[in-house]
Amino acid sequence: MENQISKIKPADRLVNVSEYYFSKKLKEVAQMNAEGKDIISLGIGSPDMPPSEKTIETLCKEARNPDGHGYMPYIGIPELRRSFARWYKKWYDVDLNPNTEIQPLIGSKEGILHVTLAFVNPGEQVLVPNPGYPTYTSLSKILGAEVVNYNLKEENGWIPDFEELEKMDMSRVKLMWTNYPNMPTGANATPELYEKLVDFAHRKNIVIVNDNPYSFILNEHPISILNVPGAKDCCIEFNSMSKSHNMPGWRIGMLASNADFVQWILKVKSNIDSGMFRAMQLAAAIALEAGQDWYDDNNKNYRNRRRLAGKIMHELGCTYDENQVGMFLWGKIPDSCEDVEELTEKVLHEARVFITPGFIFGSNGKRFIRISLCCKDHKLTEALKRIKEMR
């Protein structure tokens, strides 16, 4: 039996990808916790605060409906699509047809899969930011696309270098992944940036996919790429309730674009998964009705956590841009530090605090660390204390 198993090989597509960094590292952290080391995790961006009370009440009420437990439409229920449309109009001043221009998703990772399958043939190219969300790269490779990195650099404010992009061969490029407000760098979007991206997409005949889950976190003026005239013709935007409404475990997101793009993506989605539980969709629709006060209260917590994370950065000798937005703090390690992983491993094993090394987001992140703000104040305070006591 052992010899027979040894003859079985995984698919070739697995050769070019490795297990997700956080999947591996969190196993190590879990083992350290099992050994009684009490690791404080400042790694994952998983909001630790609850959604609104009305959202939870709606979920509980609707879950008791005996008629609400069947399969749901692939396109999402009308109540959720209409709520997403109203949300986009209220906060981004973007008009969306809830029947044809919105597709609910089981989180943005699902959307990355579906969009790539819908638009990119094996061997065609996708533009991926460096640094950027690792799943843009890994899923593209799994699906047989060729990944071409474009640079985001500190000296350019972590926005694309359009002079560099103009010189690149776009003949085989189908998609360009963008993510503003940016993760991991915290760089914010501007109308001018979105206008440049839409113009670039039109001229190069490519599709921009803008991942926009962080626009309500420590950001006073949320904007959408779809606000640019003509953007729907060449752009898809992801949004998520994970970050903006403290619902990461619910796995509810969405994408918006023109009706043709949405229909192509639905062809893929309807052959891969199913609709979400009706009670969750109805509760999400209620969450989207939150007023300014709810977002302000949420950000009040993040603001204090950001202050404490800044103290940790300073204690480690790191520098950072005060204008960052989103739920992370991105800092540059001191010149005296030879290697970022040397620093993060020291902090993990001596201070028992897990901080993310920036190299996992790409080579342009190799001199940076990322601290998650998804951690209670007292834990951040304890993390600071432990780091101060490091040898």
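Now for a look at the structure at hand. (Residues numbered from 1 in each chain as written. Predicted model: local features only at pLDDT ≥ 70, side-chain atom pairs only at ≥ 80, totals over all residues. Heavy atoms only, no water.)

So, the sheet that holds strand S12 (residues 368-372)
Spelled out, the test is: Pairing between two strands is assigned when DSSP locates at least 2 bridges connecting them. Only runs of H or I of at least four residues qualify as helices and only runs of E of at least two qualify as strands under DSSP, and these elements are numbered from the N terminus. Residues are treated as being in contact if the distance between any of their heavy atoms lies within 4.5 Å. Angles run from 0 to 180 degrees between N-to-C directions of axes, and those axes are lines fitted to C-alpha atoms, restricted for helices to the stretch in contact.
An order of S1-S11-S12-S10-S9 is seen for the five strands of this open sheet, with the pairing classed as mixed. A strand with exactly one partner marks an edge of an open sheet, and here the two such strands are strand S1 (40-42) and strand S9 (319-320). Across two bridges, S9 lies against strand S10 (residues 328-332) in antiparallel orientation. Bridge pairing in S10 links Tyr320 to Gly331. Along the sheet face, helix H2 (residues 21-34) touches strand S11 (353-357) and S12 and points at about 160 degrees away from the line of S11. Against the sheet, helix H13 (residues 340-351) touches S11 and S12, its axis set at about 170 degrees to S11.

As for helix H8 (residues 191-204)
How we decide: Take the residue count of a helix, subtract one, and multiply by 1.5 Å to get its expected span. Per-residue accessibility, obtained with a 1.4 Å probe over protein chains only, is compared with the maximum for each type, and a residue is labelled buried under 20%, exposed over 50%, and partly exposed between these values. Within this analysis, the arc is defined by the directions that extend from the helix axis to the C-beta atoms.
Along its 14 residues, H8 runs 20 Å from first to last C-alpha, staying within 8% of the 20 Å computed at 1.5 Å per residue. Taken residue by residue, H8 has Leu193, Tyr194, Leu197, Val198, Phe200 and Ala201 as its buried positions. Angularly, the buried residues of H8 cover 160 degrees about the axis, an arc narrow enough to put them on a single face. On its buried side, H8 packs onto helix H7 (162-166), strand S5 (173-178), strand S6 (207-211) and strand S7 (235-240).

Looking at the pairing of strand S4 (residues 146-151)
What counts, and what does not: A clockwise course of the path from the first strand over the helix to the second, judged with the strands pointing away from the viewer, identifies a crossover as right-handed.
Of the pairings in the sheet, the one linking strand S3 (residues 125-130) to S4 comprises six bridges and is parallel in character. Paired with Leu127 across the bridge in S4 is Val148. Crossover S3 to S4 through helix H6 (residues 134-142) is right-handed.

Brief notes about the packing of helix H4 (residues 78-92) against helix H11 (residues 278-287)
How we decide: Here is the rule for angles: anything less than 35 degrees is roughly parallel, anything more than 145 is roughly antiparallel, 65 through 115 is roughly perpendicular, and the remaining ranges are oblique. In this scheme the crossing of two helices becomes right-handed for a clockwise turn of the near helix relative to the far one and left-handed for an anticlockwise turn of less than a right angle. Residues are grouped as follows: Ala, Val, Leu, Ile, Met, Phe, Trp, Tyr, Cys and Pro are nonpolar; Asp, Glu, Lys and Arg are charged; all remaining types, including Gly, are polar.
Packing of H4 against H11 brings their axes to within 8 Å, and their N-to-C directions diverge by 25 degrees. When the axes of H4 and H11 are compared, the pair comes out roughly parallel. Crossing geometry of H4 relative to H11 is assigned as left-handed. Counting all contacts with H4, which are made through Glu79, Leu80 and Ser83, the residues of H11 involved are Arg278, Gln281, Leu282, Ala284 and Ala285. Within the contact of H4 with H11, the residues separate by chemical class into four nonpolar, two polar and two charged.

Looking at the sheet that holds strand S2 (residues 102-105)
An order of S2-S8-S7-S6-S5-S3-S4 is seen for the seven strands of this open sheet, with the pairing classed as mixed. The two strands at the open ends of the sheet, each matched to only one other strand, are S2 and S4. Neighbouring strand axes in the sheet, compared pairwise and without regard to direction, differ in orientation by 25 degrees on average. Each of S3, S4, S5 and S6 is contacted by H6, which is oriented at about 160 degrees to S3, the strand it contacts most. Contacting S2, S6, S7 and strand S8 (253-256), helix H10 (residues 259-269) runs over the sheet at an angle of about 30 degrees to S2.

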